[in-house]
Each structure stands twice: as structure tokens, then as C-alpha cells.
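# Structural description and commentary
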There are 2 protein chains.
Amino acid sequence: MKINGQPYRTIWEAADGKSVEVIDQRKLPHIFDTVRLDNVERYAWAISDMVIRGAPLIGVCAAYGLATAMFENSSDDGLALAYERLIGTRPTAVNLRWSLDRMRGFFMGMVPEARASSGFALARSIAEEDVQLSAAIGRHGAEIIQRAWSAKGQKGPVNILTHCNAGWLAAVDWGTATSPIYHAVAQGVPVHVYVDETRPRNQGASLTAFELNEEGVPHSVIVDNAGGHLMQHGQVDLCIVGSDRTTSTGDVCNKIGTYLKALAAKDNDVPFYAALPFSTIDWSLAEGVRSIPIETRSDEEVTHVSGKMDDGMIATVQITPDGSSAYNPAFDVTPARLVTGIITERGVAPATEAGLRALYA
Amino acid sequence: MKINGQPYRTIWEAADGKSVEVIDQRKLPHIFDTVRLDNVERYAWAISDMVIRGAPLIGVCAAYGLATAMFENSSDDGLALAYERLIGTRPTAVNLRWSLDRMRGFFMGMVPEARASSGFALARSIAEEDVQLSAAIGRHGAEIIQRAWSAKGQKGPVNILTHCNAGWLAAVDWGTATSPIYHAVAQGVPVHVYVDETRPRNQGASLTAFELNEEGVPHSVIVDNAGGHLMQHGQVDLCIVGSDRTTSTGDVCNKIGTYLKALAAKDNDVPFYAALPFSTIDWSLAEGVRSIPIETRSDEEVTHVSGKMDDGMIATVQITPDGSSAYNPAFDVTPARLVTGIITERGVAPATEAGLRALYA
């Protein structure tokens, strides 16, 4: 998608053929900067420090990380060490394990000496696949938006609420939750997006708003508290969110606060969709609330907020009193009973085991 | 309650007998400062700019504002002008109208020349009454916390989630939602409070956390997104919030986001209480979601966040991209079906018309 009118992806290969460049998402929306990742430690830092984030992008970045690691030490031990270093960076997203397992399986099938020269090709194929998955999610999801527009007599924009950033910045391109929006807009459907700011890291206010701005999609940033009120008053036609891990039964683990919006959607008969590629589905789990490990992140994400001052400098301010502690779970799980449907690259399934298995028979 | 070990109220009369001092709540928790209010315009500014806030305190402050206005112009016209200026400051809280009507009725019953000399006495009685109401709410609410402690075998603290600041800073003293907490703690019940930060103005992170800190009550600040996850995992024993207006049928209008927490409480069988004095009940309304006017405040409250920098200076940072707009409704309405009970100065009522009318027969 576009930044300043120029097409970008979130990750691309550097000219040396053994490292990548990524957009530094910690500095958006105020500063556009890129970061070079050229050793496994640096990839691990980029993932855990959230230089890059979003389940699909974490998977792709980790794949490149393992490929880069093979230039340092392509032995079985080197592979195992790099795998362990990368998989420990984020506990909740399942795409990370999926792509690392895929890369490791590929490397284990060849002699160590061949690993460095072929790793980037596989990582590239995972990245290209992600773009295709996102595009397919967009085509299927756009049909839902088209129907919502028809249902309101093609009067006024379709008002879509989204939480966090499941946009192209969370993937390689297109995004998951935003891909249907970009596709619908391209088809001529007027859309207005309510963007949850998504505390504590404000991925909505900073990344989703940035994306929509750059693509010229009308939107309003709202605090995470506001969505229920909007749904009570008919101001939201549908919700679309992403997912970091989805159980085989349709429970959706996503950014903290998603569950609250799903409750409000149910209470007000607003359709609530999760958009995700197959790599986000954890077929080993039949239940999410008890089973999915929820990452707890630092207090400082809650107690401090970063942004741009009047003079253009980036600053961090403390909002809590000295002496107050915080608690910072990063994800929650929305039970399948609250999910209208799951938008995948293969189509839209009901959030049930039968629904998902029918798509992926 | 205490600040730095010293007892304070949120508002007190100045030595000149015709103006008041209030704590400047915009600067908390980082700076303790007070502001003198000595003419009606200054009172109106303090209320609409949220130098002071909270339904009970707005009512008391407006009462003093009308009393101060009588020193400027005590004619019927002067009274009408001051009344109109003050009642227009905040549309949602009903205490504002209640206390202004009470003051106006009092003034209309006397000759204009007598109004200035007697206004402060009535305003003072409203302030003292507010303290007694808050204390009584605390005594009744503490019984609920005592029972919750017994129900868990007196093991571990009672975990209470609250939203926004319905603390002593929202009233004259004690508070509404926090008064039961302060009373239970004084009775020896161990309490831990989950404090919703309460975007956009962060009254939880700044004011409630400040209060609890100064009183030594254990607490954790959480983002507004987190409460649902905590309730799913049994980490919240009960919720207590305040109210800016309550219908005769028990619908509770309170800070934006309250409704989302009530939905999560219902979904997880967590008791959800609103604590409020009788002056918050609007007996003229039988329904809240459609009937209560919801104040929309400035975009900037959403797009910008204020806090303390490392050097101790207060700064404001912009979190959204240039060009993104925002939408900022300040309150929402929680339907009575989601409210376990209403804690008033007369006891705890079910959130029904019969329940409330039985208390106020």
C-alpha cells in the first residue's frame, strides 16, 4: 500500500541478499524510518520490541530471521539456537511458530552447507504467499461490506469499527481486517472507519489511522471506551478485527479489548467478523479462553504514552502518579459465540469447528 | 481525604466569604495546585474546562457559583443570567440542574438585597450534605465488599474494578464509587483496585490512582481494554462505578466505556454496582439510552495526551497522524439489565423502578 503516494511493503530484502529492511513501526505515524535486520539477535529485538508487529508480519519476519541466521551458523546447532531465540520473542501469535516450523523443516531436509544459499528463497515465498492471502481475504471480506451497503439502500457510508492494527502494516501488504476495506473502497463502496485507538500501544491511533490517511479512507479515531456507545446508537454497521491465534472452534485471540467490542456488537446485533489467514488457526486448540497463553507486557506501556510535541519532537509522558503500579495483559480471547464469521483466504466461515473444517477439509 | 497526609476537600470557602478555592484537577497527579473562583464566568470555566469535575462536585461548585454571582448582581435578571451561564456548562450530569434549581428556588423566595448575604450558607449546606451522602454510600457499599470477602473465605484481597474517577475528587469528600472502598479498608478488609485509566481524559490513571496512592490502597492501573480479560479469568470480584445521571428505571449514565465493563461483568457473573446519591437520579426519565443527552467533547482530548516528562515538566503529545479526525462522546448509558444494584445513601436497591422508588418513597 502507499506511503506518501509511493507503494511500500512492510519488509523487503536488502541488496546484500542476506538481510532485510523493515519499516520502524514504533515511530509511526510521526516519523517514517526503516531499520536493517542483519543478524538473529537483531530480528529477535525487532519482534519483541515491536519495531514490527502483527501476526502475519511476525511470521514473515521470523522466517527471514532464520534465513539470515544460516549465514552466521548453518549447523543443526545453529539452526536450533536461532529457532529458540526467535520463537521466544512473542508467546501469543501462532504464525510465528507456523513459519519457523516451516523454515526449520525445510532446512532439516538439506545439508547445512546449502542452507544459507536457499533460505531467502523460502522466506520470500512465505512473504509472497502472505500478500496473496491478504488479497484473498480482502476479496471475500469486501463482499460483506458490499452487502452491508446494499442493506442500507446504498445510502451513506458503511461504518466499520476496527480494533488495533490488522492492517497492511501488520502483514506484508493489504492487511487482514483492513484488506476488505481497501478492496471495497476500490470497488466504489463509501466506507467510514471508526478506529479504536487501542491502548496501551495505540496501534489504532498511530498505525491504522496512518494507513487509512495515506490511502485516503475516511475515518475517525475513537477511544477504546467509545465503541459500545456507537453501537447502541446505530453508528456502526459492522466490526472487522484481526486475530493473533484462532482455535479450531472459532475462539479469536486478538489485541486486548477485542472481547469488549464483540460483547457490544452482540448486544446490539452488529455483525462482528475476524479476518485472518489459515496460518493463524491453531488446530490443536478446541478452546481459547483457558488455553491460549496471554503475553503480559511491561507496566511502562500503560503508565507512559509517546507522541509528537508541538515542535515536532517525539516525547514520552507519564500519565500515572509515581508509585502506582500497572498490569498489562496484551491480548484477550473472544469466544466463538460472539463472532458472526471468520473471513479467510478461502471464504467466510461461521465461527465453529464445522465451519472452519469445511473450508480447510 | 488525604493528600500528602493532610486532610483535604475538593472545594472550600475563601476567607473573603464570597469566593471559593478548588483543587485544579487538570494538573493531578503530577502537580498539586488550587484555583480561586470569584466570579460566575470563572466558575463556568472551571466546570466546562474540567478544573473540577464529577457529578456531585459539579453540583456543589455550581451552587457556590450562583452564591458568588449574587455579590455581582443579585437582581432577578442577574440570577437568571448566572443560572443560564452555569447550567449550560455540562449537559449530561443532572446534579448540576438539581443544585442550581435548589439555589434559585431559595433566592426567589427572598428579596434581591438579601441574596448575597445568605447564598453561601445554602451552598455550604449542599456541600456538607454531599459529604454526608458520600459517607452513607460508603457504609452501605462496604457491606457488599465485606460479603464479597466472606464469600471468598476471607482469602486474598477483594478485587474491585472501577472506571473513571467517582472518588472523593468527584465529590466534596469520600466519593461515591470509592467511598465503599475507603470504608471497607477502614474496617480491615483487604482490597485491591483495578483502575481503568479511562481515556480520553485519563481520570482513572490520574485521579483515582492518585487518591488510592495517597490513601495507601493497593491498586493497579489498567488500560480500558483490559477489564473484560480480567473478568474472564476470575480476577475481578466486583465492579463499582459512579453515575452522572440515573433514570427512575435504573439505567446508569456514566463515563464513556462503563457500558462495555457492565457487558463483561454480566458475561462473567461479576456483580456490577453503581454508587450514587439521590441527586443523581432523574425521576423524569424512564429510559436512558435514547433519552439522556450525551456530551460530545473536543477531538483534541482523543488526539492528544498530557503527562509528565522525565524532567518533571508537563507536556502534551499528539498520538494520531496529522489529518486524522476523531470523535469524542463523553458518556454512555448502561441499561439497568446489566446493573446488579444501585448503592445510595439510603441503602442498596435493585436497578429497577420498584427498587429505586421503594428507597425513595
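The preceding data block contains the structure.
Read on for a plain summary of the structure. (Residues numbered from 1 in each chain as written. Chains lettered and ligands numbered in written order. Predicted model: local features only at pLDDT ≥ 70, side-chain atom pairs only at ≥ 80, totals over all residues. Heavy atoms only, no water.)

## What to know about the packing of aromatic side chains
Summed over all chains, the structure comprises 17 aromatic pairs over all chains. Plain terms: the ring middles of phenylalanine 106 of chain B and phenylalanine 107 of chain B are 5.8 Å apart, the flat faces sit at 55° to each other, and that makes the pair tilted. For phenylalanine 106 of chain B, a relative accessible area of 31% corresponds to the partly exposed category. Among the aromatic residues, ring-to-ring pairing joins Trp98, Phe278, Trp283 and Tyr360 of chain B into one connected group. Looking at lysine 255 of chain A, its charged tip hangs above the ring of phenylalanine 331 of chain A, at a distance of 4.4 Å from the centre. (Phe/Tyr/Trp six-rings, centres within 6.5 Å; stacked < 30°, edge-to-face > 60°. Buried < 20%, exposed > 50% of the residue type's maximum accessible area, 1.4 Å probe, protein only. Lys NZ or Arg CZ within 6 Å of the ring centre and 35° of its normal.)

## Describing the interface of chain B and chain A
Listed as interface residues are 65 residues of chain B and, on the opposing side, 65 residues of chain A. Carbon and sulfur atoms supply 55% of the area that chain B and chain A bury against each other, a total of about 5,200 Å² over both sides. Counting the surface chain B buries against chain A, the share from its top three residues, Asn225, Gln232 and Leu260 of chain B, is 14%. Summed over the shared surface of chain B and chain A, the result is 6 salt bridges. A salt bridge links aspartate 267 of chain B to arginine 337 of chain A, with the shortest nitrogen-to-oxygen separation between them at 3.0 Å. (Contact = heavy atoms within 4.5 Å. Buried area = accessible area lost by both parts, 1.4 Å probe. Salt bridge = Lys/Arg side-chain N within 4 Å of Asp/Glu carboxyl O.)

## Thoughts on the sheet that holds strand S18 (residues 341–344) of chain B
Taken together, 8 strands build an open sheet; the order of strands is S16(A)-S8(B)-S7(B)-S6(B)-S9(B)-S12(B)-S18(B)-S19(B) and the sheet is mixed. The open sheet terminates on both sides in strands that have one partner only, identified here as strand S16 (325–326) of chain A together with strand S19 (347–349) of chain B. In this structure, strand S9 (residues 238–241) of chain B lies alongside strand S12 (residues 272–275) of chain B, joined through 3 bridges in parallel fashion. Looking at S12 of chain B, one finds that cysteine 239 of chain B is bridged to phenylalanine 272 of chain B. Helix H7 (residues 203–215) of chain B contacts strand S6 (158–162), strand S7 (191–196) and strand S8 (219–222) of chain B of the sheet and is inclined by roughly 160° relative to S7 of chain B. (Pairing = 2+ DSSP bridges. Helix = DSSP H or I, 4+ residues; strand = E, 2+ residues; numbered from the N terminus. Axes fitted to C-alpha atoms, helices over the stretch in contact; angles between N-to-C directions.)

## Remarks on the sheet that holds strand S3 (residues 11–13) of chain B
Residue and element names in this part refer to chain B. Strand order in the open sheet made by the 3 strands is S3-S4-S5, with antiparallel pairing throughout. The outermost strands of the open sheet, each flanked by one partner alone, are S3 and strand S5 (34–37). Strand-to-strand, the axes of this sheet are offset by a mean angle of 25°, without reference to chain direction. Two strands pair when backbone bridges link them, and S3 and strand S4 (residues 20–23) are joined in this way by 3 bridges, in the antiparallel orientation. Its bridge partner being in S4, isoleucine 11 is matched across the sheet by valine 22. Where helix H2 (residues 55–72) meets the sheet, its contacts fall on S3, S4 and S5, and the angle it forms with S3 comes to roughly 20°.

## Details of the pattern of salt bridges
Residue and element names in this part refer to chain A. What the rule picks out here adds up to 48 salt bridges over all chains. Notably, a salt bridge pairs glutamate 13 with arginine 124, separated by 2.8 Å at the nearest N-O pair. Of this pair, glutamate 13 sits in strand S3 (residues 11–13) while arginine 124 sits in helix H5 (residues 112–151); the two residues are 111 residues apart in sequence, bridging distant segments of the chain. In this structure glutamate 13 comes out as partly exposed when scored by relative accessible area, which is 26%.

## Some details on the side chain of glutamate 211 of chain B
Residues and elements named next belong to chain B. Mapped onto the elements, glutamate 211 comes out in helix H7. The charged side chain of glutamate 211 is buried without a salt bridge, its nearest counter-charge being arginine 53 at 6.3 Å. A polar side-chain atom of glutamate 211 sits 2.6 Å from a polar atom in the side chain of tyrosine 182. Non-local contacts of glutamate 211, meaning those with residues more than four positions away in its chain, are made with Asn165, Gly167, Trp168, Leu169, Thr178 and Tyr182. (Lys, Arg positive; Asp, Glu negative; His and termini not counted. Polar contact = N/O pair within 3.5 Å; in protein donor to acceptor, adjacent residues only side chain to side chain.)

## A look at the relation of the copies chain B and chain A
Superposition of chain B onto chain A requires a rotation of 180° combined with a translation of 0.0 Å along the rotation axis, giving an RMSD of 0.0 Å. Such a turn and shift between the copies fits a two-fold axis. If distances are taken from each C-alpha of chain B to the rotation axis, the shortest is found for leucine 260 of chain B, at 2.9 Å. Both copies present the same face, since 100% of the interface residues in chain B are matched by interface residues at the equivalent positions in chain A. (Least-squares fit on C-alpha atoms with pLDDT ≥ 70 in both.)

## Considering the packing of helix H2 (residues 55–72) of chain A against helix H4 (residues 95–108) of chain A
Residues and elements named next belong to chain A. Remark: H2 packs on H4, axes separated minimally by 7 Å, with the N-to-C direction vectors making an angle of 30°. On the basis of their axis angle, the class for H2 and H4 is roughly parallel. Crossing handedness for the pair H2 and H4: right-handed. Along its contact with H2, which presents Ala55, Pro56, Ile58, Gly59, Val60, Ala62, Ala63, Leu66, Ala67 and Met70, the element H4 presents Asn95, Leu96, Ser99, Leu100, Met103, Arg104 and Phe107. A class-by-class count of the residues in the contact of H2 with H4 yields 13 nonpolar, 3 polar and 1 charged. (Parallel < 35°, antiparallel > 145°, perpendicular 65-115°, else oblique. Left-handed = near helix turned anticlockwise from the far one by under 90°. Nonpolar A, V, L, I, M, F, W, Y, C, P; charged D, E, K, R; others polar.)

## Here we look at the pairing of strand S18 (residues 341–344) of chain A
Residues and elements named next belong to chain A. Across the two faces of S18 the burial is the same, with Gly341 and Ile343 and Ile342 and Thr344 all buried. Here 3 bridges tie strand S12 (residues 272–275) to S18, and the two strands are oriented parallel to one another. Bridge pairing in S18 links alanine 275 to isoleucine 343. In terms of strand pairing, S18 meets strand S19 (residues 347–349) through 3 bridges, oriented antiparallel. Bridging across to S19, isoleucine 343 finds its partner in valine 348. Hairpin connection from S18 to S19: 2 residues lie between these consecutive antiparallel strands.

## Examining helix H1 (residues 40–48) of chain A
All names here are of chain A. All of the buried residues along H1 are Val40, Tyr43, Ala44, Ala46 and Ile47. Taken around the axis of H1, the buried residues stretch over an arc of 160°, which confines them to a single face. Those residues of H1 hidden inside the fold are in contact with strand S4 (20–23), strand S5 (34–37), H2, helix H3 (76–87) and H5. Where H1 begins, the capping side chain belongs to asparagine 39, and its oxygen is found 3.1 Å from the backbone nitrogen of glutamate 41. Of the residues one or two after H1, methionine 50 is the one with positive phi, at around 65°. (Arc of directions from axis to C-beta.)

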